[in-house]
Amino acid sequence: MGKLVDGVWHDVWYDTKSNDGKFVREDAGFRDWIKNEPGAKFAPESGRYHLYVSLACPWAHRTLIFRKLKGLESHIGVTVVCPDMMGEGWQMGLPEPLFGHMRLHQIYNQAKPNYTGRVTVPVLWDKKLNTIVSNESSEIIRMFNYEFNELTGNTDDYYPQADREMIDEWNAYIYPHVNNGVYRCGFATTQDAYEEAYHQLFASLDRLDEHLAKHRYLAGKTISEADWRLFTTLIRFDAVYVGHFKCNKKRIADYKHLNGYMKELYQVPGVSETTDFYHIKRHYYFSHTGINPTQVVPVGPDLDLDSPHGRDSL
Ligand SMILES: N[C@@H](CCC(=O)N[C@@H](CS)C(=O)NCC(=O)O)C(=O)O
């Protein structure tokens, strides 16, 4: 794990010392947008864009789900990096198809030779302008939700106008406490920083479970972006976060409503194909040697994801 400084790779772990042991996530460095409008710099064209993802990563997982559900698989190519993220950061198993690079930091440098920042997945690459459009998953999924509709004919909407306020509110609540909350537990380097994150996480999961007792989805009557953003954390929870990140007050399997909700989302056609528990477990347990120095990857747990979710009556 490391970062680029002026285009040079440095093998460094997260700096928690300057934040009282707290893990603080760095903002993404590439924030352009694909737009379906005349004269757009990044226009929605078939075959023009390429995604670099890790199947382990919850942020990258969001983009794979949207690529699948929005019918973008034949329009946007994908390179899946290896699950092990060691001294050189994310690496390819085979030379990636655009430049033959073996390391993701070479892709960042290809876009910006003097780049300074972390080298994260997902990355949305533009083959025409030879640059990174975006490395921010929350924005990539918005682009996938709308901007290719004319090309694909798929008008499914995960950010409908009528529910936007609710979706935004849930996103703003879930990101710090749950999505990033599990990382704030796992990467904390002081007891206090860990406990603060832990209590916020489980208070939030309790609140979500209560909400989902009465509502089938987070916002509105259909599955929205807020649900998919929560899902990619929930699906990793029992396999990784409970043990590796010490989020062990309860498992998702112990939450009646959250568990059924997670299963319903997992059972949406196509979604299980985007979920890879080998990559998920191998990445976290093998790569974070500061947390798990033996790099032994647990065999369990046995997950029950295909049984009836029991949410139809809501
Ligand atoms: N804000 C980014 C966060 C992406 C992110 O942090 N990805 C992790 C993988 S789960 C990563 O690549 N980490 C490498 C690093 O921090 O060096 C997004 O949502 O797209």
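Residues numbered from 1 in each chain as written. Predicted model: local features only at pLDDT ≥ 70, side-chain atom pairs only at ≥ 80, totals over all residues. Heavy atoms only, no water.

Regarding the site of the ligand
Link 1 in the chain: Within the structure, the ligand sits among 18 residues, and Tyr 14, Arg 25, Trp 90, Glu 136 and Ser 137 are positioned closest to it.
Link 2 in the chain: Measuring from an oxygen atom of the ligand, one finds a backbone N or O atom of Asn 135 at 3.3 Å.
Link 3 in the chain: Look at the ligand: alone it shows 510 Å² of surface, and the protein chains cover 94% of it.
Link 4 in the chain: Here the residues of the shell around the ligand are counted per class, giving 11 nonpolar, 4 polar and 3 charged. (Near = heavy atom within 4 Å. Polar contact = N/O pair within 3.5 Å; in protein donor to acceptor, adjacent residues only side chain to side chain. Areas by Shrake-Rupley, 256 points an atom, 1.4 Å probe, with all protein chains shown as cover. Nonpolar A, V, L, I, M, F, W, Y, C, P; charged D, E, K, R; others polar.)

With respect to unusual backbone geometry
Link 1 in the chain: For the bond running from Val 121 to Pro 122, omega is 0°, close enough to zero to count as cis.
Link 2 in the chain: Mapped onto the elements, Pro 122 comes out in the loop between strand E5 (117–118) and strand E6 (123–126).
Link 3 in the chain: Here the bond from Gly 300 into Pro 301 is cis, since omega is 0°, no more than 30 degrees from zero.
Link 4 in the chain: Along the chain, the position of Pro 301 falls in the segment after helix H10 (277–287).
Link 5 in the chain: For Asp 20, which is not glycine, the phi dihedral falls at a positive 55°.
Link 6 in the chain: On the secondary structure map, Asp 20 appears in the loop between strand E2 (8–10) and strand E3 (49–53).
Link 7 in the chain: We note that Gln 295 has phi near 60°; this positive angle belongs to a residue other than glycine.
Link 8 in the chain: Residue position: Gln 295 is located in the segment after H10.
Link 9 in the chain: Look at Gln 295 and you get partly exposed, because its relative accessible area is 23%. (Helix = DSSP H or I, 4+ residues; strand = E, 2+ residues; numbered from the N terminus. Buried < 20%, exposed > 50% of the residue type's maximum accessible area, 1.4 Å probe, protein only.)

A short note on the domain arrangement of the chain
Link 1 in the chain: In terms of domain boundaries, the chain breaks down into domain 1 (3–152) and domain 2 (161–269).
Link 2 in the chain: The distance between the C-alpha centroids of domain 1 and domain 2 comes to 24 Å.
Link 3 in the chain: Roughly 1900 Å² of surface becomes buried between domain 1 and domain 2 when both sides are summed, with 57% attributable to carbon and sulfur atoms.
Link 4 in the chain: Summed over the three residues of domain 1 that lose the most area to domain 2, namely Phe 23, Pro 58 and Arg 62, the buried surface amounts to 25% of that side.
Link 5 in the chain: Our enumeration of links across domain 1 and domain 2 arrives at 10 residue pairs in polar contact (both at pLDDT 80 or more).
Link 6 in the chain: Per-element tally for the side of domain 1 that touches domain 2: the top contributor is helix H1 (residues 58–69), with 7 residues. (Domains from an automatic or database assignment. Buried area = accessible area lost by both parts, 1.4 Å probe.)

Observations regarding the packing of helix H7 (residues 191–214) against helix H9 (residues 256–266)
Link 1 in the chain: Their axes nearest at 7 Å, the elements H7 and H9 cross at an angle of 75°. What the angle tells us is that H7 and H9 run roughly perpendicular. From H7, Leu 205, Leu 208, Asp 209, Leu 212 and Ala 213 reach across to H9, where they touch Lys 256, His 257, Leu 258 and Tyr 261. (Axes fitted to C-alpha atoms, helices over the stretch in contact; angles between N-to-C directions. Parallel < 35°, antiparallel > 145°, perpendicular 65-115°, else oblique. Contact = heavy atoms within 4.5 Å.)

Looking at the nonpolar core
Link 1 in the chain: Residues Leu 104, Phe 144, Leu 205, Trp 228 and Phe 237 are the most contacted members of the largest nonpolar core, which totals 95 residues.
Link 2 in the chain: In terms of residues, this core owes the most to one element, helix H8 (residues 225–241), which gives 10 residues.
Link 3 in the chain: Setting aside residues no more than four positions away along its own chain, Leu 104 makes contact with Tyr 52, Trp 90, Met 92, Val 119, Thr 120, Val 121 and Val 123. (Core = buried A, V, L, I, M, F, W, Y, C linked by side-chain atoms within 4.5 Å.)

Some remarks on the pattern of salt bridges
Link 1 in the chain: Inspection of the entire model under this criterion finds 17 salt bridges.
Link 2 in the chain: We note a salt bridge from Arg 48 to Glu 45, for which the minimum N-O separation is 3.0 Å.
Link 3 in the chain: The exposure class assigned to Arg 48 is buried, which follows from its relative accessible area of 6%.
Link 4 in the chain: Here the salt bridges do not stand alone but share partners, grouping Glu 45, Arg 48, Asp 126 and Lys 128 into one network. (Salt bridge = Lys/Arg side-chain N within 4 Å of Asp/Glu carboxyl O.)

What to know about the side chain of Lys 263
Link 1 in the chain: When you line up the elements, Lys 263 lands in helix H9.
Link 2 in the chain: When residues no more than four places from it in sequence are discounted, the contact partners of Lys 263 are Asp 304, Leu 305, Ser 307, Pro 308 and His 309.

Digging into the sheet that holds E5
To summarise the sheet geometry, strands pair through backbone hydrogen bonds and adopt either a parallel or an antiparallel arrangement.
Link 1 in the chain: Spatially, E2-E1-E5 is the arrangement adopted by the 3 strands of the open sheet, whose pairing is antiparallel. Each end of this open sheet is capped by a strand with a single partner; those strands are E2 and E5.
Link 2 in the chain: Bridge count between strand E1 (residues 3–5) and E2: 3 bridges; the pairing is antiparallel. Across the sheet, the residue bridging to Leu 4 is Trp 9, located in E2. (Pairing = 2+ DSSP bridges.)

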